[in-house]
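Reading the structure
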Amino acid sequence: PRTRLPPPADRGAWARGGQRWFDRLLVVVLLLPAPSWLIGDYARWTFALFPVLEIAPLWWRRSHPVLVFAAVAAATGLQAVVVSEPLYGQIAFAIAVYSVARYASLRAGLVAVGVGLVGAVVAAYRWVGHYLGAAGVNAITMAQYAVTIAAIVLTAWALGLTLQSRARYVAGLVERAEQAVRAADQQA
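Our subject in this report is the structure included herewith. The shown structure was predicted, so the numbers you read here are calculated from the model rather than taken from an experiment.

With that settled, consider the overall build of the protein. Regarding its fold elements, the protein presents six helices and zero strands. For the protein, the sequential pattern of α-helices and β-strands runs α-α-α-α-α-α. Taken over the C-alpha trace, the protein has a radius of gyration of 22 Å; the compact-globule value for 188 residues is 16 Å, which it surpasses by more than 25%. The principal-axis extents of the C-alpha atoms in the protein amount to approximately 80 × 40 × 20 Å. Of the roughly 11400 Å² of accessible surface on the protein, a fraction of 70% belongs to carbon and sulfur atoms. Seen as two clouds, the 16 positive and the 8 negative side-chain charges of the protein have centres 6 Å apart.

You can see Gln90 is positioned in the loop between helix H3 (65-82) and helix H4 (91-103). Under the relative-accessibility criterion, Gln90 is labelled buried at 16%. Apart from the residues lying within four places of it in its own chain, the contact partners of Gln90 are Glu54, Thr76, Gln79 and Trp127.

Definitions and limits used
- All residue numbers refer to position in the chain's written sequence, counted from 1.
- With pLDDT at 70 or above as the cut-off, local features in this predicted model cover only qualifying residues; side-chain atom pairs require 80 or more to be listed or tallied, and sums for whole chains, interfaces and linings still use all residues.
- Note that water and hydrogens are dropped before the side-chain values are worked out from all heavy atoms of the structure.
- Secondary structure elements are defined from DSSP: runs of H or I of at least 4 residues count as helices, runs of E of at least 2 residues count as strands, and each element is numbered from the N terminus.
- Just to be clear, the radius of gyration here is over C-alpha atoms, and the globule rule we use is 2.2 Å times residues to the power 0.38.
- Only the protein chains shown count as cover for residues, with accessible areas throughout obtained via the Shrake-Rupley method and a probe of 1.4 Å.
- Neither His nor the chain ends contribute to the count of charged residues, in which Lys and Arg are positive and Asp and Glu negative.
- Just so you know, the charge point we use is NZ for Lys, CZ for Arg, CG for Asp and CD for Glu.
- Exposed residues in this analysis have more than 50% of their type's maximum accessible area, buried residues have under 20%, and partly exposed residues fall in between, with area computed by a 1.4 Å probe over protein chains only.
- In this analysis, two residues are considered to be in contact whenever any of their non-hydrogen atoms come within 4.5 Å of each other.

Shown next as structure tokens:
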């Protein structure tokens, strides 16, 4: 009796389908609060628009991680110019950094984390200025905000990089197992 591994294409197609559904569900769930900012006395179109601009590109985060990161980073940068306070849609930035680190090259991941670290300083300045006024912008307060935001960006990047490394390791194990099966078949 010959030992055979299950064809990886069957498992891979099922996994890719599940990943697509997960990405779609992630985008839909994250966009659910956006319309609420258009209702009531406190309606603000910017609070609805920017989360949509930041979250919607995540639909393609696995197939085009670098382009998705660029779109999310551009929307987040524009938000920093237009709105001086944090919005929930900025969670998309961490997800986009993770996606670049997980599905793109190391160089692209390093660029993404670099942009994220610069963004941490810009966001800290905007948010501290908004909440504490110009007098509240000092080195200690800025450092607290910037370090917190940078920690989120670095964690997303490290998680993506770790899972990319794990996927490569597992693929190497599968390849070696397939080679061993082929060698055993040839000897038989």
